[in-house]
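Spelled out from the first residue to the last, the chains are:
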Amino acid sequence: MSKTLFDKVWDSHVVSTIENGPQILYIDKHLIHEVTSPQAFNELEDRGIPVFRPNQIVATADHNTPTLNQDQPIKDELSRKQLEQLSENCKKNNITLYELGHKYNGIVHVMAPELGVTQPGLTMVCGDSHTSTHGAFGAIAFGIGTSQVAQVFASQCLLLSKPKSLRVTVNGKLKNGVLPKDVILYIISKLGTNSGTGYFCEYAGNVFEDMSMEGRMTVCNMSIEMGARGGMIAPDETTFEYVKGREFALKGDAFDKKVAYWKTLPTDSDAKFDKEYSFDAEDIAPMITYGTNPGMGIKISETIPVDENPSFKKSLAYMNFEAGESLINKPINFVFIGSCTNSRIEDFRVAANYIKGKKKAANVTAWLVPGSKQVETQIIEEGLKSIFDDAGFELRQPGCSACLAMNDDKIPQGEYCVSTSNRNFEGRQGQGSRTILASPLVAAATAVEGKIIDISKQLN
Amino acid sequence: MEKFTTLQSRAIPLHIENVDTDQIIPARFLKATDREGFGNNVFRDWRYHKDGTVNTDFVLNDSKYSGSILVAGDNFGCGSSREHAAWAITDFGFKVVVSSFFADIFKGNALNNGLLPVQVSPAFLSDLMQKIVSNPEIELVVDLEKQTISVKDSELSENFEIDAYKKTCMINGYDDIDYLINNKEQIEAFEAQKIY
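Below is a short write-up of the structure. (Residues numbered from 1 in each chain as written. Chains lettered and ligands numbered in written order. Predicted model: local features only at pLDDT ≥ 70, side-chain atom pairs only at ≥ 80, totals over all residues. Heavy atoms only, no water.)

Here we look at the overall build of chain B
Counting its regular elements, chain B contains eight helices and eight strands. For chain B, the C-alpha radius of gyration of 18 Å lies close to 16 Å, the compact-globule estimate for 196 residues. For chain B, the C-alpha atoms occupy an extent of roughly 60 × 45 × 25 Å along the three principal directions. Expressed as a percentage of its 196 residues, the buried residues of chain B come to 56%. Expressed as a percentage of contacts within chain B between residues at least 6 apart in sequence, the contacts between residues at least 24 apart total 66%. A total of about 8,300 Å² of accessible surface is found on chain B, and carbon and sulfur atoms cover 44% of it. Each charge class in chain B can be summarised by its mean position, and for the 19 positive and 30 negative side chains these summaries are 4 Å apart. (Helix = DSSP H or I, 4+ residues; strand = E, 2+ residues; numbered from the N terminus. Rg over C-alpha atoms; globule rule 2.2 N^0.38 Å. Buried < 20%, exposed > 50% of the residue type's maximum accessible area, 1.4 Å probe, protein only. Contact = heavy atoms within 4.5 Å. Areas by Shrake-Rupley, 256 points an atom, 1.4 Å probe, with all protein chains shown as cover. Lys, Arg positive; Asp, Glu negative; His and termini not counted. Charge placed at Lys NZ, Arg CZ, Asp CG, Glu CD.)

What follows is the structure, given as structure tokens:
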């Protein structure tokens, strides 16, 4: 029978099926961080259950870490304790941890692919909804709750019912200035925030085939923002080249054998999906959000739609925007380039390329937060740091930072932030903050101009 | 996990769509390393103004309403995977959340914590909201065995779906870890012969 990429990976990981119930799904790689793991470790300890496969777990500290002075003790007591707890738990259970300051430390969804932990055909989980990122490699990767973190610790498995399948196809040529972030923001603006709930999504078409791995990760990262537990892209030469030679990748013949297997994974030509959508690349433009969920997005040149729904109105009231207005020329005081969506080297290259020779507007605070130590090093080695320094941008140390503002990187009450992160929920970047999601290019342009501009007009 | 069979209670109407987990429990409260006390901060930024004063406009602060059933707008629990959201809701005292749609991860987290997500039709949800608002003292009856939710002393009633396995777990207070650990041999056998 014809199978999708998702079917092939899922079916090869089913340990058994409970009659009229879920399946036991085997998990190859389990990524953990400081925020969603401590209660799971506690639970195992309370019940006297050992960690079953510690060598299939990789840990990092990212959500609650400072982005300045990482070499010094963390001032906030609760944050420090949470990180200490992670170190202690990993040590006790023989789990590899890339702690703060380690050369491999970084946001879990940036560092794991960088190290080659993420590979095609695997099942991967993490107590973080943006685990969908790793689907860019043709892996089944999804976020789980802490009870499930404990289940994977205990058994390397989860009890799950197989989700339905969804395919989003985008073919054609992307316009100048349209980045992977715009593609996914466009898709979510068209499909809404719950169209993917209950589904696993495959992205297909030449637009994704032509993307770099960094771009594919940006797209898959935001699958959860349309409700889909995960997103996947078929592995191809771009994928194999990216994985080759990385720390956790097999070497030599063993790697070639893997590649031969990975080549069997793409969706069969006559496989059926439960739901399909397709879009024309030419219709996509640089995007921006105006509301308090990622589905509330428009092309940067468009005006905010008019809608009488009370939740829609509540959202606009929070943002202090009016239905029907344009966001062009809105003054912006904060810009954040970072998060597991857009903090890879390619994102900083895009920003640097735009910023080079320009200056940040005086009213703007612009934070650049690399996704990992490796990205940080690359930024310095490629000479991007001096471009950012010259332009008045602040390059910080790696972490989740102002994406969720668990650390001190908070946007003040009432301020707008043009952000390359993934969620524009109320208060997401700090109590009372107002988030406008955009690509690294739009974010960089906003920082230079001190206001939102129509980047497509400027580029053409 | 606490068992759940039936519940009769008043309900609190949260007439907002797309309630995300950042609203249920903001990230700044996720620094704890245990599961206790999250109820204090559930819907924190809606319950309180930034200066710490109580927002009397918010439904959870409206003394008209009480009960252990939360009736919320469409697409409840979207956003992050933080199980702290389910812990916060249960810790506050809710045992059931009713909505016309739940986000996947939240739904799973709720079920793993003895919090029953009851998905109803949009029409039923709308009727239910209206009934509660017009008479906050009405009581709802949720029967997990029969998979029904009804308004006491009224015609309003609807069946709801729940995964058969999860239903058994909720009724008996079982969790997935027990089941998985009892299948260790099968898991080890799988590891020995996996094909990928």
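The rest of the description comes next.
Regarding the sheet that holds strand β8 (residues 157-159) of chain B
Residue and element names in this part refer to chain B. Taking strand neighbours across the sheet as the criterion, the four strands line up as β1-β6-β7-β8 in an open arrangement whose pairing is antiparallel. This sheet does not close on itself; its edge strands, each paired only once, are β1 (6-9) and β8. Taken over all neighbouring pairs, the strand axes of this sheet differ in orientation by 10 degrees on average, direction set aside. Packed on one face of the sheet, helix α5 (residues 122-134) meets β6 (140-143), β7 (148-151) and β8 and runs near 35 degrees to β7. (Pairing = 2+ DSSP bridges. Axes fitted to C-alpha atoms, helices over the stretch in contact; angles between N-to-C directions.)

Quick notes on the interface of chain B and chain A
Facing the 56 residues of chain B at the interface are 69 residues of chain A. Summing the contributions of chain B and of chain A, the shared interface buries around 5,200 Å²; its carbon and sulfur component is 56%. On the surface where chain B and chain A come into contact, there are six salt bridges. Note that D76 of chain A and K31 of chain B form a salt bridge whose closest N and O atoms lie 3.3 Å from each other. (Buried area = accessible area lost by both parts, 1.4 Å probe. Salt bridge = Lys/Arg side-chain N within 4 Å of Asp/Glu carboxyl O.)

Describing helix α6 (residues 164-172) of chain B
Residues of α6 of chain B that are buried include every one of Y165, K166, K167, C169, M170 and I171 of chain B, and no others. Among the structural elements, β8 (157-160) of chain A together with α4 (104-111), β5 (116-119) and α7 (176-181) of chain B are those in contact with the buried residues of α6 of chain B. Taking the backbone nitrogen of Y165 of chain B as reference, a side-chain oxygen 3.0 Å away marks D163 of chain B as the first, capping residue of α6 of chain B. Just beyond α6 of chain B, the residue with positive phi is G173 of chain B, at close to 75 degrees. (Polar contact = N/O pair within 3.5 Å; in protein donor to acceptor, adjacent residues only side chain to side chain.)

Quick word on the sheet that holds β8 of chain A
Residue and element names in this part refer to chain A. With antiparallel pairing, the three strands of this open sheet are ordered in space as β1-β2-β8. Unpaired on one side and paired on the other, β1 (14-17) and β8 mark the two borders of the sheet. Averaged over neighbouring strand pairs, the angle between their axes works out to 20 degrees when direction is ignored. Where strand β2 (residues 23-26) lies against β8, four bridges are found, and the strand directions are antiparallel. Looking at the pairing, I24 lines up with L159 of β8.

Geometric values such as these leave the question of function open.
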